[in-house]
Structure formats: structure tokens, C-alpha cells
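# Architecture at a glance
Now for the letters of each chain:
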Amino acid sequence: MYTFTCTCRFSNSDVILSEEQANLLLTDLPTSPQKAAPLIEPNPAKVSLDNLVEGKRRAGNMATHGDETAPKKPSTSKGASCVEGEEAPQSSTRGKRRIHPLPQQATSTPTRKEKGRGASRVADPESTPIYPDVAVSPIEPRRSPRKARHGLFGKEKQPFNATPFSGLVFLLTYVEKSKDLKEEEKTILRNPDLTSDDSSVEQADDDEVPFDKQDIITKIQAGGGVVLDKFDEAAIAIAKQCFLISNSYQRTIKYFQCLAAAIPCISHLWIRDSSNEGELLDYKAYKLQAGVSLEKRKKMEWSNRKGDLLGLSVFVSSSHKKFQEEWSFILKLAGCQVLHKLPAVNSDTPVDVIVTDLTCPKTVLHRSRKSGIPLVASEWVMQCLINGRRLNYRGHARYNYDFHS
């Protein structure tokens, strides 16, 4: 039921109604039962086939089944009327969609002039521009997406650098571990007190990339680096940084020299990968372990603590000159005060420990017993460097200078 709040008068030429709007007004007019207002029959030609047939339209449905040679009716667009005199095709109720009444809106009704022209087209409000003189450009997707910020999704690829090792010096050490040494390490690492989370089991070295010393030297020199034959304090001091390169933790003099000097011990794979990538990769991902701890019975990570031997007063004694020189130099790199000779009994110079071997002179043994100075083997120094702290002189049987395996 429609309610009109005001009454206005307009001329017939100013009133444009659709068929549905006209029928609504006619049903509301007060008329007698004898003279009912005639309703305007809807023009079936205005009904699109898209509203009658479900699914896609096919050309075969346009022809009638009774007359194969009958001319096809021209298809009409939504809202368009057929030419006068043509009959609308009869459609079956099967497959017909329910036509919902359109909302009341101002639509144009076909005029007599338009009918004479053939057919009239009702403007589609969605496709017709509001201002006819202005062309409506189609909406296109944005073709210039926002550029990704540098470094947001990972490290940006650096330009290839032919000399990634420029300014660096390197020490190389490699000794193939004997079968007996491997078995000994496996025995030490079989600690029943360790849980599975403390995984210290030796990994097979067979799966590792072989250590090709000459190839590594070639890559370092081609990359601008310098390879030292031995530990050279002067060359290391003027370099940007020094690295020791090996395939695994070792028990060589060079390896313990670098542990004592807090020089990073790095896998040889770092040289290979940096050379292939053309940039100096982060060496921290390639750090080697310090070695196997006898007391903790597991592999220890590399540390820069130098065994916590700083300030220790040490005397190195042996009948082998090479032993004296090598371990005196290692203790010096660790920050120890290395004595060149054993002080007298009544001297004010303190002696904290004596590092020696089986060739220790009798005079040193006598002085050690008389003054109560601990005698230790070089294994104690090695274990301090591996564990990164000063250990007890009697912490393990192998710390005894006269230990026999």
C-alpha cells in the first residue's frame, strides 16, 4: 500500500512511467466494479532470454521445433522492445526463473518515434557516464607495485668480489688422525653420564670434504690473502685479522698456538665458500671446536679466554730444546709469565707451576719437591686451552709429568 503525502499537478508530457508503475497507479484508482481500469499487459519482448533460460544460451534454442526453416527472431537486449507486429516467442514454464519486480526508479518508456525507428534501448545506469561529454576510462589494476625494501626479505646479494681475503693472514694445519687416536677419542667421549641432549658423539670424518692444502693456499692467495708458514707475531700484528684453517680440531702446535692467542680456528669450507661466492662470509658459522675435554669427556667449543692462564708464573723444563721453545712460546701467547731459569730457593720470584716431560732434570725434580711447586705435563696446558679455564693440577692422571699411557 502506497501513501502519497502531497499532490502535485504535471502535464502529460512531463510524466514518464514504466509499465509496472502505471499498473500500480491504476490499481489504486477508485473505479466502479463495472468499469475496472484496464491494466497494461507487460510486453514479453522486454524479457531477456537470460532471465528465462538457466545456463548458457545456445544458437540451437533460437529455432522452433515445428518449422526448421523458420527465420530466427532477433535477440533483444535487456530493456529493449521488439519491432511492432512481431510476436514474442512462447516460452515454457520449465526452467523459467522467477522475475522479481524491479525497484522503483526513473526509467525511460519507449515512445512512438522510437518504435518507428525499429527498437529502443534503455540506458544501463552502470555503463552510462554521468556526464555524457566525459569519457569514462576503464578501471585498471595498479601496475607499479610498491618496491620491496632492501634487506626486508633477506640479505641483499653483494657484488662479486675477486679478492675477499685482502688484508687477512692465514695459518694452515692438518694432520690425519691415526686409527688409534680416533678410537681413543671415541672411548673418552663414551660418557654414560651424558644425556642424549649433550650429544658429543664423534661424527664420521669420512663424510667431510677432503683437506687439500695446495688448493686452499691457491684460493687464499688468489683472493688477496697471505698464508704464513709459521706463527709470525709481526705479520699478524699488522694484518686486519688472522685465522687458522683446518678440517677439524687438531692436537698440533699451530692449533694450540692459536688457541693461546685467541685466533679463530675455522673450517677450510669457509675458504671454499667465500671464494665461490665472491665475498667474505661470516666465519662464525664455520668455527671449529677447541678439542676433547678429558675431565668433561666431551668436545669443547672454541673460546677466546686463552685458558685463563693470564699472569701465571711458569717455568718450562726439559732435556729437549724444541719442547722448551714450543711450550714456552704457547704459554707466553696465553699471557703467562715464562721464567727463563728456575729461581733460587730464597728468591722473591714466585713459581706457580713447572711444565715438563719425562726428561725433566733431577735438579728440577728436587727443587719441586723441596719448594712444593707442582709438576705438570704439557697435557695440562692443552686441556686448559681446550676447556677455556685454569684446571686443577691433579684433575686428571694425564696431567702428571711421568704419565705412561
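Residues numbered from 1 in each chain as written. Predicted model: local features only at pLDDT ≥ 70, side-chain atom pairs only at ≥ 80, totals over all residues. Heavy atoms only, no water.

### Describing the overall build of the protein chain
Looking only at helices and strands, one finds eleven helices and ten strands in the protein chain. At a minimum sequence separation of 6, the contacts of the protein chain that also span at least 24 residues come to 66%. Surface accessibility of the protein chain: about 28500 Å² in total, with carbon and sulfur atoms responsible for 52%. (Helix = DSSP H or I, 4+ residues; strand = E, 2+ residues; numbered from the N terminus. Contact = heavy atoms within 4.5 Å. Areas by Shrake-Rupley, 256 points an atom, 1.4 Å probe, with all protein chains shown as cover.)

### So, the pattern of salt bridges
For the structure on display, the rule yields seven salt bridges. Two residues, D308 and R305, come together in a salt bridge whose shortest N-O distance is 4.0 Å. The exposure class assigned to D308 is partly exposed, which follows from its relative accessible area of 36%. Ionic pairing is found between E326 and K322, a salt bridge with its closest N-O pair at 3.9 Å. Taken together, the residues E326 and K322, both in helix α9 (residues 321-333) and four residues apart, mark about one turn of the helix. (Salt bridge = Lys/Arg side-chain N within 4 Å of Asp/Glu carboxyl O. Buried < 20%, exposed > 50% of the residue type's maximum accessible area, 1.4 Å probe, protein only.)

### As for the confidence of the model for the protein chain
In the predicted model, the protein chain carries a mean pLDDT of 76, and 61% of its residues have values of at least 70. Low pLDDT, under 50, characterises residues 61-93; the predicted model gives this stretch 30 contacts beyond four residues in sequence or across chains. Contacts from residues 195-207, a stretch scored under 50 in pLDDT, to residues over four places away or in other chains number twelve contacts. (pLDDT = per-residue confidence, 0-100.)

### Looking at the pairing of strand β1 (residues 168-172)
Burial within β1 is extensive, with five of its five residues counted as buried. Here β1 shows two buried faces, one formed by L168, F170 and L172 and the other by V169 and L171. In terms of strand pairing, β1 meets strand β3 (residues 241-246) through five bridges, oriented parallel. The partner of L171 across the bridge, within β3, is L244. When β1 meets strand β2 (residues 226-228), the two strands line up parallel, connected through three bridges. (Pairing = 2+ DSSP bridges.)

### Topic: the sheet that holds β3
With parallel pairing, four strands are arranged side by side in an open sheet as β2-β1-β3-β4. This sheet does not close on itself; its edge strands, each paired only once, are β2 and β4 (265-267). For this sheet, the mean angle separating the axes of adjacent strands, direction not counted, is 40°. Running over the sheet, helix α5 (residues 213-222) touches β1, β2 and β3 and is turned about 175° from β1. (Axes fitted to C-alpha atoms, helices over the stretch in contact; angles between N-to-C directions.)

### Notes on the packing of aromatic side chains
The tally for this structure, following the rule as stated, stands at eleven aromatic pairs. Measuring from ring centre to ring centre gives 6.0 Å for F170 and F243, while their planes differ by 25°; the resulting arrangement is stacked. With F170 in strand β1 and F243 in strand β3, the pair connects residues that are 73 residues apart, well separated along the chain. For F243, a relative accessible area of 2% gives the class buried. (Phe/Tyr/Trp six-rings, centres within 6.5 Å; stacked < 30°, edge-to-face > 60°.)

### Considering a nonpolar patch on the surface
Judged by side-chain polarity, F10, V15, L17 and L25 come together as a nonpolar surface patch covering roughly 350 Å² of accessible area. Relative to the assigned elements, F10 resides in the segment before α1 (19-28). Overall, the relative accessible area of 59% leaves F10 in the exposed class. (Patch = residues over 30% accessible without salt bridge, like charges linked within 9 Å, V, L, I, M, F, W, Y side chains within 5 Å.)

### Quick word on the pairing of strand β5 (residues 289-293)
Most of β5 sits out of view: four of its five residues are buried. The pairing of β5 with strand β6 (residues 298-301) spans four bridges and is antiparallel. In the strand pairing of β6, Q289 is matched with E301.

### A look at the nonpolar core
Counting 47 residues, the largest nonpolar core has L309 and W380 as the members making the most contacts within it. The element contributing the most residues to this core is helix α11 (residues 378-387), with six residues. Excluding its chain neighbours within four sequence positions, the residues that come into contact with L309 are L331, A334, G335, C336, W380, V381, C384 and R390. Grouped together as the second largest cluster of nonpolar side chains are 15 residues, L168, F170, F211 and F243 included. (Core = buried A, V, L, I, M, F, W, Y, C linked by side-chain atoms within 4.5 Å.)

### Considering the state of the cysteines
Enumeration according to the criterion identifies zero disulfides in this entry. Considering cysteine sulfurs only, C258 is the nearest to C242, which forms no disulfide, with 5.8 Å between them. Distance from the sulfur of C336, which forms no disulfide, to the nearest cysteine sulfur (C384) is 8.8 Å. For C336, a relative accessible area of 9% gives the class buried. (Disulfide = S-S within 2.5 Å.)

### Regarding the packing of α5 against helix α8 (residues 269-277)
Their axes nearest at 10 Å, the elements α5 and α8 cross at an angle of 45°. In this view, α5 runs oblique relative to α8, as classed from their interaxial angle. Note on packing geometry: the crossing formed by α5 with α8 is left-handed. Of the residues in α8, those in contact with I216, K219 and I220 of α5 are I271, R272 and S275. (Parallel < 35°, antiparallel > 145°, perpendicular 65-115°, else oblique. Left-handed = near helix turned anticlockwise from the far one by under 90°.)

### Topic: the sheet that holds strand β10 (residues 375-376)
With parallel pairing, four strands are arranged side by side in an open sheet as β8-β7-β9-β10. Every interior strand has two partners, whereas the edge strands, β8 (337-339) and β10, have only one. Sheet contacts for α9: β7 (313-316), β8 and β9 (353-355); angle to β7, the most-contacted strand, approximately 165°.

### Some points on the packing of helix α7 (residues 253-260) against α11
Their axes nearest at 10 Å, the elements α7 and α11 cross at an angle of 55°. Classified by the interaxial angle, the pair formed by α7 and α11 is oblique. Of the two possible hands of crossing, α7 and α11 adopt the one that is left-handed. Only M382, L385 and I386 of α11 make contact with α7, whose side of the interface consists of F256, L259 and A260. Residues that form the contact of α7 with α11 fall into these classes: six nonpolar, no polar and no charged. (Nonpolar A, V, L, I, M, F, W, Y, C, P; charged D, E, K, R; others polar.)

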